[in-house]
Amino acid sequence: MEVKDSNGNLLAEGDSVTITKDLKVKGMAQALKRGTVVKNIRLTSSPAEIEGKAAGSLLVIKTEFVKKA
């Protein structure tokens, strides 16, 4: 299974990605800002989603909103 970012670059376990768009997150007081770096990502069973820690929380982020750092 290939997981690709918004630019078509392949993503792997442990990569760092940058968020390309301000994202509102349920349960968080503020949105994740564009340019936020999410380090040490994990791949999920879905090729359209990754897991990573941002703003102190473990989040599932759609790959269409990230680019490889």
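These remarks concern the structure in this document. Here the structure is a predicted model, which means the values were calculated and not measured.

Tallied over the full model, the rule gives 3 salt bridges. The partner of Arg42 in a salt bridge is Glu51, with the nearest N and O atoms 2.7 Å apart. The class for Arg42 is partly exposed, based on a relative accessible area of 41%. The class for Glu51 is partly exposed, based on a relative accessible area of 23%.

Judged by which residues are buried, strand 3 (residues 49-54) turns out to be one-sided: Ile50, Gly52 and Ala54 face inward and are buried, whereas Glu49, Glu51 and Lys53, on the alternate face, are not. Bridge analysis of strand 2 (residues 37-43) against strand 3 gives 3 bridges, and the strand direction is antiparallel. Each bridged residue has a counterpart across the sheet, and for Leu43 the counterpart in strand 3 is Ile50. The sheet contact formed by strand 3 and strand 4 (residues 57-62) spans 6 bridges and is antiparallel. Each residue of the ladder has a partner; that of Gly52, found in strand 4, is Leu59. Counting the residues between successive antiparallel strands, the hairpin from strand 3 to strand 4 contains 2 residues, one of them, Ala55, with a positive phi of roughly 55 degrees.

With that settled, consider the layout of surface pockets. Rolled over the atoms, a probe with the dimensions of a water molecule shows which regions are left empty. Volume-wise, the largest pocket comes out at about 150 Å³. For the largest pocket, the full set of lining residues is Leu23, Lys24, Val25, Leu32, Leu59, Val60, Ile61, Lys62 and Phe65. When grouped by side-chain class, the residues that make up the lining of the largest pocket number 7 nonpolar, no polar and 2 charged.

What counts and what doesn't
The residue count restarts for each chain, going from 1 along the sequence in the order it is written. With the structure being a predicted model, the display of local features is reserved for residues of pLDDT at least 70 and the display and counting of side-chain atom pairs for 80 or more, all residues being used for whole-chain, interface and lining totals. Note that the side-chain values use all heavy atoms of the structure and ignore hydrogens as well as water. Throughout this description, the term salt bridge denotes a Lys or Arg side-chain nitrogen within 4 Å of a carboxyl oxygen of Asp or Glu. Summary of the burial criterion: residues with accessible area below 20% of their type's maximum are buried, those above 50% are exposed, and those between are partly exposed, where the area comes from a 1.4 Å probe applied to protein chains only. Secondary structure elements follow DSSP: runs of H or I of four or more residues count as helices, runs of E of two or more count as strands, with numbering from the N terminus. Whether two strands pair depends on DSSP finding at least two bridges between them. Cavity: a set of points on a 1 Å grid over the protein atoms alone where a 1.4 Å probe fits but cannot get out. Pocket: an open set with protein on both sides within 12 Å along at least five of seven lines, its lining residues, like those of a cavity, having an atom within 4 Å of a point. Grid points are joined across faces, edges and corners, and a volume is the space filled by probe spheres set on the points. Classes in brief: Ala, Val, Leu, Ile, Met, Phe, Trp, Tyr, Cys and Pro nonpolar; Asp, Glu, Lys and Arg charged; the others, Gly included, polar.

By themselves, these observations are geometric and do not establish any function.
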